[in-house]
Amino acid sequence: MKYRILLLHIMILIVYGTVQCAWAADTTVTPSIGLTGQYDDNVSFQRGNKKDEDYLYQIRPTITFDYKTEINRIVAEAILNYQNYIDNDNLNSLNQQYKLEGDSNFTELLTLFADLNYTKDNTLESQLEEEGRVQDRQERGRYDLKGGLFFNLTELIRVGGDYRYRQTNYTEDYPEDYNDDVVSFIYNQRLKNQLDSLRFRTSYAYREVRTHQTNTYRMVFGWSRIFNEAFNIGVLLGGRFTEEYAYNANTEREKDESTGLIADLNFTKHSDVIRTDLRYRRDQVYTAEAGAREVDTFKVGLDRNITERFKFGIDLSFYLTRNLKNDIKDASQFYEVKPKIIYNLTEYHRLGLFYSYQHDYDDAKEENLKDAARNRAWLTIIFNFPKKL
């Protein structure tokens with residue numbers, strides 16, 4: 001609780017500092033509206049020969065408030081996404097996201113930051129993105145609080161720490177609701193060539209579920225190099241140690257321990273014509289079933305500009321998920337192929353045509369239910385209306 005009170009104090013300080021500098025503020029408000037028509041040949045991502053195709057349309061209004069001074073910045077955003085299915089009207093939903101982010105160069109040496117976020121979505125889409133696992137669809141509410149500070153020891157060395165709290169609630173009894181608390185210490189150093197940076201981060205994470213408690217300790221070392229504005233690479237490697245306590249039917253506490261590799265490798269290069277993004281990650285995640293799993297994630301993004309307004313690209317994703325308990329056969333593989341075509345109608349309005357093929361293989365399922373796949377295609381038009389205040 002004391003860390004959450006500290007977060008509130010940090011946000012108050014950021015807002016106070018911003019108000020004090022309001023005379024020099026650069027403020028932009030951007031309302032936008034997105035309209036989407038989509039075909040989905042397996043809306044519930046069912047396995048085997050069962051598939052339930054449908055058409056849906058989405059209406060996505062957004063408003064973004066960006067308030068910036070020489071030393072402070074506050075960004076607020078509200079996003080609504082109404083989804084309406086033609087046949088499966090029981091799946092109609094209104095997803096929501098509200099964000100408030102702030103940072104302040106409180107002094108020449110001290111920087112404060114704090115983020116508040118609330119998201120209401122469904123587990124089918126969110127768990128695919130976060131874990132690469134197919135879950136039954138139900139509503140999920142999530143609160144995220146994050147804040148911390150950085151202190152400039154020298155022109156090249158920066159140290160700091162942050163705290164993150166997450167509360168996740170489900171509409172049904174299963175999966176179980178859970179809370180996360182994470183405390184981190186960070187050391188960053190730029191080398192004298194101004195191109196290379198070294199990074200060290202250590203953290204402690206605590207998760208609480210009705211039937212589980214988990215302690216995870218992480219330590220990672222990183223290096224990154226910015227060759228120029230259009231080309232950079234980064235490497236982050238380390239390890240973790242996890243203690244998981246589970247309560248069985250007799251309320252006895254059982255303990256499991258595991259260790260694992262942490263990795264985050266990224267490569268970005270772009271020009272006026274082509275943009276390439278590559279990323280590989282390995283870390284432990286906690287799935288919607290409240291169990292700890294190790295996930296390898298590969299992502300590739302390729303975009304090519306044909307003209308100033310017209311471009312096409314493709315995004316590739318692959319997830320490999322394994323249960324940390326060796327005696328449990330529970331591995332899954334998920335991949336997605338998503339080509340796209342984008343046409344900029346004006347500087348602020350654009351039209352996009354997308355196709356997605358997703359495939360999931362779950363080794364824990366029965367033989368005839370291990371595979372699941374779906375095809376989707378959608379057309380989206382987005383209108384942005386930025387206004388300087």
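From a predicted model like this one, the values you see are computed outputs, not experimental measurements. (Residues numbered from 1 in each chain as written. Predicted model: local features only at pLDDT ≥ 70, side-chain atom pairs only at ≥ 80, totals over all residues. Heavy atoms only, no water.)

A.B. asks: I keep staring at the overall build of the protein chain and nothing clicks. Help me out?
C.D. replies: When its secondary structure is counted, the protein chain shows 2 helices and 19 strands. Sorting the 389 residues of the protein chain into buried and exposed places 42% on the buried side. Pairs at least 24 residues apart make up 53% of the contacts formed inside the protein chain by residues separated by at least 6 positions. (Helix = DSSP H or I, 4+ residues; strand = E, 2+ residues; numbered from the N terminus. Buried < 20%, exposed > 50% of the residue type's maximum accessible area, 1.4 Å probe, protein only. Contact = heavy atoms within 4.5 Å.)

A.B. asks: I would appreciate a short explanation of the packing of aromatic side chains in the present structure.
C.D. replies: For any pair of aromatic rings, geometry is given as the distance between the ring centres together with the angle between the planes. Considering all chains together, one arrives at 16 aromatic pairs under this definition. Each ring, one from tyrosine 39 and one from tyrosine 55, has its centre 5.1 Å from the other, and the planes form 50°; the classification is tilted. Taken together, the residues tyrosine 39 in strand β1 (residues 26-40) and tyrosine 55 in strand β2 (residues 54-68) connect sequence positions 16 residues apart. Here tyrosine 39 falls in the partly exposed class, since its relative accessible area comes to 26%. A connected cluster of aromatic rings, assembled from ring pairs, spans Phe45, Tyr319 and Phe334. When the ring centre of phenylalanine 231 is taken as reference, the NZ or CZ atom of lysine 269 above it lies at 5.2 Å. (Phe/Tyr/Trp six-rings, centres within 6.5 Å; stacked < 30°, edge-to-face > 60°. Lys NZ or Arg CZ within 6 Å of the ring centre and 35° of its normal.)

A.B. asks: Help me understand the nonpolar core in this model?
C.D. replies: One recurring pattern in soluble globular proteins is that nonpolar side chains are buried together. Phe45, Leu124, Leu128, Val134, Val295, Tyr319, Phe334 and Ala372 together form the largest nonpolar core, which totals 8 residues. Residues in contact with valine 295, not counting those within four places in the same chain, are Glu131, Arg281, Arg282, Asp283, Val285, Tyr319, Leu320 and Thr321. (Core = buried A, V, L, I, M, F, W, Y, C linked by side-chain atoms within 4.5 Å.)

A.B. asks: What's the story with helix α2 (residues 123-131) in this structure? I'm lost.
C.D. replies: What sets the pattern is the α-helix's 3.6 residues per turn: residues three or four places apart point alike. Within α2, burial applies to Thr123, Leu124, Ser126, Gln127, Leu128 and Glu131. Among the residues of α2, the N-terminal cap falls to asparagine 122, whose side-chain oxygen and the backbone nitrogen of leucine 124 are separated by 3.1 Å. Where α2 ends, the next residue or the one after it, glycine 132, has phi of about 70°, a positive value. (Polar contact = N/O pair within 3.5 Å; in protein donor to acceptor, adjacent residues only side chain to side chain.)

A.B. asks: Just checking my understanding: could you explain the pattern of salt bridges for this structure?
C.D. replies: Any two side chains of opposite charge can pair if their charged atoms end up close together. If you walk through the whole model with that rule in mind, you get 29 salt bridges. Note that arginine 73 and aspartate 66 form a salt bridge whose closest N and O atoms lie 2.4 Å from each other. Looking at arginine 73, the relative accessible area reads 33%, which means it is partly exposed. We classify aspartate 66 as buried; its relative accessible area is 18%. A salt bridge links lysine 370 to aspartate 363; the nearest nitrogen and oxygen atoms lie 3.5 Å apart. On the basis of relative accessible area, lysine 370 is assigned to the buried category, the value being 7%. Each of Arg240, Arg282, Glu294, Asp296 and Arg322 takes part in one network of salt bridges that share partners. (Salt bridge = Lys/Arg side-chain N within 4 Å of Asp/Glu carboxyl O.)

A.B. asks: Would you explain the pairing of strand β6 (residues 139-152) in this entry?
C.D. replies: Here is the key point about a regular strand: its side chains alternate between the two faces of the sheet. Summarising the sheet, strand β5 (residues 110-122) and β6 pair through 13 bridges and their orientation is antiparallel. Paired with leucine 116 across the strands is leucine 145, a residue of β6. Both β6 and strand β7 (residues 157-170) contribute to a ladder of 13 bridges, which runs antiparallel. Residue phenylalanine 151 lies in a different strand from β7, and its bridge partner there is valine 159. (Pairing = 2+ DSSP bridges.)

A.B. asks: Sorry if this is basic, but what is going on with the environment of histidine 359 here?
C.D. replies: Summarising the element assignment, histidine 359 is placed in strand β17 (residues 349-362). Taking the C-alpha atoms as reference points, histidine 359 and phenylalanine 334, 25 residues apart in sequence, are found 5.6 Å from one another. Dropping the residues within four chain positions of it, histidine 359 is found in contact with Gln333, Phe334, Tyr335, Asp371, Ala372 and Ala373. Among the polar contacts listed, one links the side chain of histidine 359 to the side chain of aspartate 371, at a separation of 3.1 Å.

A.B. asks: Sorry, what's going on with unusual backbone geometry here?
C.D. replies: For residues besides glycine, phi is generally negative; the peptide bonds are generally trans as well. The phi dihedral of phenylalanine 45 is positive, around 50°, even though this residue is not glycine. Tracing the sequence through the fold places phenylalanine 45 in the loop between β1 and β2. Overall, the relative accessible area of 3% leaves phenylalanine 45 in the buried class. Its identity as a non-glycine residue notwithstanding, glutamine 194 has a phi of 65°, on the positive side. Among the secondary structure elements, glutamine 194 is positioned in the loop between β8 (178-190) and β9 (196-209). The class of glutamine 194 is partly exposed, set by a relative accessible area of 47%.

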